[in-house]
Protein chains: 2
Amino acid sequence: MSEVVEQSAEPGTERGGPPDAFDVFSRNCPSRATLEHVTGRWGILTLTALAHDTLRFNALRRRVDGVSEKMLSQTLQALERDGLVIRDAQPVNPPHVEYRLSPLGRETTDRLLALITLVEDRMPDVLAARGRYDEARGTG
Amino acid sequence: MSEVVEQSAEPGTERGGPPDAFDVFSRNCPSRATLEHVTGRWGILTLTALAHDTLRFNALRRRVDGVSEKMLSQTLQALERDGLVIRDAQPVNPPHVEYRLSPLGRETTDRLLALITLVEDRMPDVLAARGRYDEARGTG
DNA sequence: CGGCATCCGTGACGATACTG
DNA sequence: CAGTATCGTCACGGATGCCG
């Protein structure tokens, strides 16, 4: 396995800092890594896709437009490892595996959803801002 | 300029879809790009750093541990272009440039903060889950 | 101080093929 | 169906140097 999302190699994990040691601003804080799993390109979409339903691998793949098999697999593993996603595998043939959110995953996804909703709602503003910015540069 | 965050090259922007056309799930939706600016590794941290204060470039750089000059510059440009960050440049010598959140940027950052707070709070759970996951693989 | 341009390595990512 | 293994690319991102 030459390519892994992140094994337990967090160097600064055991530095035993103060109680608020999980501040994302420091380079080696594990919360930074988790935050990146959650907010990573595929992390966001995967969690959001699981917000309402329990889904199987390929259903998820269809839902998250553009994700490759590999990246979905990787993303799911990272999220499962962080305890945000639960993997239910039934050893039947053909294999039947379902993914769903854990309680913590649900909480996280709720906040994510709040963010996404805002961004989607305000896209007209964003697009307008982009237009202004580009014009101020392109035209002079 | 061979390396650019993203110019106006969004291919699916003008497809004139339905009102809810800003669904992040479709590959070519501009909201997906904006979401990635916001939730990108440096986007999150930059916005969060600006949550409370107006900051100058190098102050920001010190605050966001590990960011390179180049990435901070790129990130700020993307966020400014999307209308989330406002750049105040005073043409004095030495140059004095300040960055602050726009109203939309503030709204966005508030939601981001809610997410970050949750993740930081729950890091013990995450770490425990990781421990269980790793053990179930390494040992069993 | 606040940038921008250039060079360049690394690894994230996608496509494909294979397994159970 | 649900993945894992392998390989190639390319653009993300760091280091450096220059300019206003």
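All figures in this text were calculated on a predicted structure; none of them were measured in a lab.

Here's the deal with the overall build of chain A
- Scanning chain A from N- to C-terminus turns up six helices and three strands.
- Starting at the N terminus and ending at the C terminus, chain A contains elements arranged as α-α-β-α-α-β-β-α-α.
- Here chain A holds 140 residues, and 41% of them are scored as buried.
- The long-range fraction of contacts in chain A, counting pairs at least 24 apart against all pairs at least 6 apart in sequence, stands at 44%.
- Only carbon and sulfur atoms are counted for the fraction: they give 49% of the accessible area of chain A, which is about 7400 Å².

Some remarks on the pairing of strand 3 (residues 96-101) of chain A
Residues and elements named next belong to chain A.
- Side chains V97, Y99 and L101 project from strand 3 onto a buried face, and the interleaved H96, E98 and R100 project onto a face without burial.
- Note that strand 1 (residues 55-56) and strand 3 share two bridges and pair antiparallel. Residue pairing for strand 3: L55 is matched across the bridge by Y99.
- Note: strand 2 (residues 85-90) against strand 3, six bridges, orientation antiparallel. The residue of strand 3 that forms the bridge with A89 is V97.
- Hairpin connection, strand 2 to strand 3: the antiparallel pair is bridged by five residues.

Re the interface of chain A and chain B
- Taken together, the contact pairs 55 residues of chain A with 55 residues of chain B.
- Across the chain A/chain B interface, buried area totals approximately 5100 Å², and carbon plus sulfur atoms make up 65% of it.
- When residues of chain A are sorted by the area they lose upon contact with chain B, F25, R81 and R130 of chain A head the list and together hold 15% of the total.
- Seen at the junction of chain A and chain B, the total is eight salt bridges.
- The interface formed by chain A and chain B includes 18 residue pairs in polar contact (both at pLDDT 80 or more).
- Secondary-structure elements contributing two or more residues to the side of chain A that touches chain B are helix 1 (30-39), helix 2 (41-49), helix 4 (69-81), helix 5 (103-121) and helix 6 (123-138) of chain A.
- Per element, the largest residue contribution to the side of chain A that touches chain B is eleven residues, and it comes from helix 5 of chain A.

Details of the packing of helix 2 (residues 41-49) of chain B against helix 4 (residues 69-81) of chain B
Residue and element names in this part refer to chain B.
- Running from N to C, helix 2 and helix 4 point in directions that differ by 75°, and their axes come no closer than 10 Å. Overall, the two elements helix 2 and helix 4 adopt an arrangement that is roughly perpendicular. Across the interface between the two elements, W42, G43, T46 and L47 of helix 2 pack against M71, L72, T75, L76 and L79 of helix 4.
- By residue class, the composition of the contact of helix 2 with helix 4 is six nonpolar, three polar and no charged.

Topic: the protein's contact with DNA strand C
- Contacts to DNA strand C come from 21 residues, most closely from K70 and M71 of chain A together with E69, R87 and Y99 of chain B.
- Of all atoms in DNA strand C that approach within 4 Å of the protein, 60% are sugar or phosphate atoms.
- Q77 of chain B is positioned with one of its side-chain polar atoms (N or O) 2.8 Å from a phosphate oxygen of DNA strand C.
- Ranked by residues supplied to the surface near DNA strand C, first place goes to helix 4 of chain B with four residues.
- Counted by class, the surface near DNA strand C contains eight nonpolar, five polar and eight charged residues.

Topic: the relation of the copies chain A and chain B
- Its rotation angle being 180°, the transformation that places chain A on chain B also includes 0.0 Å of axial translation and leaves an RMSD of 0.0 Å. On this basis, the relationship between the two copies can be described by a two-fold rotation axis. Distance from the rotation axis, computed per C-alpha, reaches its smallest value in chain A at T39 of chain A: 2.8 Å.

Side note on the nonpolar core
- Judged by nonpolar contacts, the single largest core of 58 residues is most densely connected at L60 and V85 of chain A together with L60 and V85 of chain B.
- Sequence-distant contacts of V85 of chain B, that is, excluding residues within four places in its chain, are made with L47, L50, L76, L79, E80, Y99, R100, L101 and S102 of chain B.

Here we look at the pattern of salt bridges
All names here are of chain A.
- Following the criterion strictly, the structure yields 14 salt bridges over all chains and no others.
- Between R63 and D53 there is a salt bridge, with the nearest N and O atoms lying 2.7 Å from each other. With R63 in helix 3 (residues 57-63) and D53 in the loop between helix 2 and strand 1, this pair connects stretches of sequence that are ten residues apart.
- You can call R63 partly exposed: its relative accessible area is 33%.
- Note on D53: relative accessible area 32%, which makes it partly exposed.

What about the sheet that holds strand 3 of chain A?
- Taken in spatial order, the three strands make up an open sheet running 1-3-2 (chain A), and their pairing is antiparallel. Only two strands of the sheet have a single partner each, and these edge strands are strand 1 and strand 2 of chain A.

Re helix 6 of chain A
All names here are of chain A.
- The end-to-end C-alpha separation of helix 6 is 22 Å, in line with the 22 Å expected for 16 residues at 1.5 Å each.
- Listed in full, the buried residues belonging to helix 6 are M123, V126, A129, R130 and Y133. All buried residues of helix 6 lie within an arc of 120° about the axis, which places them on one face of the element. Among the exposed residues of helix 6, those pointing more than 90 degrees away from its buried face are R132, E135 and A136.

Cut-offs used in this document
Residues numbered from 1 in each chain as written. Chains lettered and ligands numbered in written order. Predicted model: local features only at pLDDT ≥ 70, side-chain atom pairs only at ≥ 80, totals over all residues. Heavy atoms only, no water. Helix = DSSP H or I, 4+ residues; strand = E, 2+ residues; numbered from the N terminus. Buried < 20%, exposed > 50% of the residue type's maximum accessible area, 1.4 Å probe, protein only. Contact = heavy atoms within 4.5 Å. Areas by Shrake-Rupley, 256 points an atom, 1.4 Å probe, with all protein chains shown as cover. Pairing = 2+ DSSP bridges. Buried area = accessible area lost by both parts, 1.4 Å probe. Salt bridge = Lys/Arg side-chain N within 4 Å of Asp/Glu carboxyl O. Polar contact = N/O pair within 3.5 Å; in protein donor to acceptor, adjacent residues only side chain to side chain. Axes fitted to C-alpha atoms, helices over the stretch in contact; angles between N-to-C directions. Parallel < 35°, antiparallel > 145°, perpendicular 65-115°, else oblique. Nonpolar A, V, L, I, M, F, W, Y, C, P; charged D, E, K, R; others polar. Near = heavy atom within 4 Å. Least-squares fit on C-alpha atoms with pLDDT ≥ 70 in both. Core = buried A, V, L, I, M, F, W, Y, C linked by side-chain atoms within 4.5 Å. Expected span 1.5 Å × (residues − 1). Arc of directions from axis to C-beta.

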